[in-house]
Structures are given as C-alpha cells and as structure tokens.
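Listed below are the residues making up each chain.
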Amino acid sequence: VIASLANTSALLDELRDLRAENLSLSAQLWQAQHSPGVITAGKESYIRAAVYSEYPLNNEGSILVAAGKNQGVSLNSIVLLRPGVFVGEVVEVFANQSRIRTLFDPGWELPVKIGGDRIDSLLVGGHIPRLTLISKKNLPNLDASVYLAAKKYPYGLQVGTLGRFVEGSQNLFAEAELTMAQLPAEFEDVLIMPL
C-alpha cells in the first residue's frame, strides 16, 4: 500500500511537471507566431506586427503594435491590413512598439478616388469613416472600391468600398459611409512598409 501511494505521488508530480512544460511550450509557440518579423509579398517586404488589445478603452483612432525602432519601424511609415489595403500611418515610435493613426481617427481627412471612373471624394475619419464631397452629377455604384489619391502615399492603395449613402444632404454633394474589411477591434496584426 505504501509503495502504491509513493508511486501515485510520483506520477502526480510527473503529471504536474508535464502540464507546466506543455503550458510553457504553448506560450513560446504563441510568442514566436506573433513576434514581429519581416515578410515578403510579391516584390514588397513588410514588417508584420501584432496589435495590442486596449480593450475596453481604445478610442479606435489609433492602435498600438508590437514592433518599433528595434524592428525597423520609422515615423510616418505606411501601415496596411493586407498588401494593398491601407489602414493608417505610424505616428509614434518606441523601442519595441509603435502607435498607428488609423482611418477611424475623426481628425483625419484624405483625398480618395471611387470606382473605375475615379470619382473624387474626401475621406473623413471617424467611428464610421465617411466619403464626402461626392458630386451628385456622377454618383458611383454602391460597393465601388475606394482608393487613396493623397500625394503623401503610393497612389491606389485601397481603403475600403463605398457603403450606403447618407440621406438628407441638401447641398450639391453627396455623402456616404466607407465600408472597411475590418474594424479596429478585429485587427490582429498589421503590415508596416519600411521607409
């Protein structure tokens, strides 16, 4: 009986050690999968950075990512959700983190083009980004692609698609919502274009 109890105690100790080792290996694997790294898509190289959770206090106008100066991130670097899909730019750089201004920042305005006809509009950031100053003479189709046309960025980066038109506008221009692929709360990682 005593030998059996000793054997059971040893097995329980071994089981605890295996659980701790499994937890440690799982944590190391997760960290390796989410650590900053350089990836290549086509001819471009990007710094992949995980997005920190700032729940429940994130104002959605900016996000904090796990890559900074030590990983090659520079101030004003362009930030993409996926290759070709613009989401913002780097506004602060720390040793191993960076603050990204997103299209959800209510103070951000950028010139854009809508659809194949390249209809001019002004993107106004906010909780729901809007497309303003759309000429009512040539309204684009819903779900038309919306591209950046700001001199500061590469021409043609996509920002989303034309959402529903906002009713009640009494002026010469129409206004619509911008539909994006993801909301800031859904961002898991971003791609930073090194300067």
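Read on for an overview of the structure. Keep in mind that what you see is a predicted model, and the values were worked out from it rather than measured.

A closer look at the pairing of strand β10 (residues 145-148)
Regular strands place side chains that alternate from one sheet face to the opposite one.
And then number 1: Burial along β10 is one-sided: V146 and L148 are buried, and none of S145 and Y147, which face the opposite way, are.
And then number 2: Here strand β7 (residues 109-114) runs beside β10; their pairing, made up of three bridges, is antiparallel. Directly across from I114, in β10, lies its bridge partner V146.
And then number 3: The sheet contact formed by β10 and strand β11 (residues 158-165) spans three bridges and is antiparallel. What sits directly across from V146, in β11, is G160.

Quick notes on the packing of aromatic side chains
And then number 1: Tallied over the entire structure, the rule returns two aromatic pairs.
And then number 2: A ring pair is formed by F86 and W108, whose centres lie 6.0 Å apart and whose planes are at 50 degrees; its orientation type is tilted. Taken together, the positions of F86 in strand β5 (residues 85-93) and W108 in the loop between β6 (98-102) and β7 put the pair 22 residues apart, joining distant regions of the chain.
And then number 3: Residue classification places F86 among the buried residues on the basis of a relative accessible area of 0%.

Some details on unusual backbone geometry
And then number 1: The phi dihedral of N76 is positive, around 75 degrees, even though this residue is not glycine.
And then number 2: Here N76 lies in the loop between β3 (62-65) and β4 (78-82).
And then number 3: Notably, D143 is not glycine yet its phi reads approximately 70 degrees, a positive angle.
And then number 4: Note on placement: D143 falls in the loop between β9 (130-135) and β10.

Quick notes on the pattern of salt bridges
And then number 1: This model, assessed by the stated rule, comprises seven salt bridges.
And then number 2: Across the salt bridge formed by R16 and D13, the nearest N and O atoms sit 2.3 Å from each other. Remark: D13 and R16 occur in helix α1 (residues 2-34); sequence separation between them is three residues, near one turn of the helix.
And then number 3: Judged by its relative accessible area of 36%, D13 falls in the partly exposed class.
And then number 4: E175 is the partner of R130 in a salt bridge, and the nearest nitrogen-oxygen pair spans 3.0 Å. A residue pair is termed long-range when its members are at least 10 positions apart, and R130 in strand β9 and E175 in strand β12 (residues 173-179) qualify at 45 residues.
And then number 5: Of the residues examined, E175 reaches a relative accessible area of 22% and is grouped as partly exposed.

What counts and what doesn't
- What you see as residue numbers is a count from 1 along each chain, following the sequence as written.
- In view of the model being predicted, local features appear only for residues whose pLDDT reaches at least 70, and side-chain atom pairs are presented and counted only at 80 or more, with totals across whole chains, interfaces and linings using the full set of residues.
- Here the side-chain values reflect all heavy atoms present in the structure, with hydrogen atoms and water set aside.
- Buried, partly exposed and exposed residues are distinguished by accessible area as a fraction of the type maximum, computed with a 1.4 Å probe on protein chains only: under 20%, between the cut-offs, and over 50%, respectively.
- Only DSSP runs of H or I reaching four residues or more are called helices, and only runs of E reaching two or more are called strands; each is numbered from the N terminus.
- One bridge is not enough; two strands pair if DSSP finds at least two bridges between them.
- Only the six-membered ring of Trp is used, alongside the rings of Phe and Tyr, when aromatic pairs are assigned; centres must lie within 6.5 Å, and planes under 30 degrees apart are stacked while those over 60 apart are edge-to-face, with the rest tilted.
- Take a side-chain nitrogen of Lys or Arg and a carboxyl oxygen of Asp or Glu: if they are within 4 Å of each other, that pair is a salt bridge.

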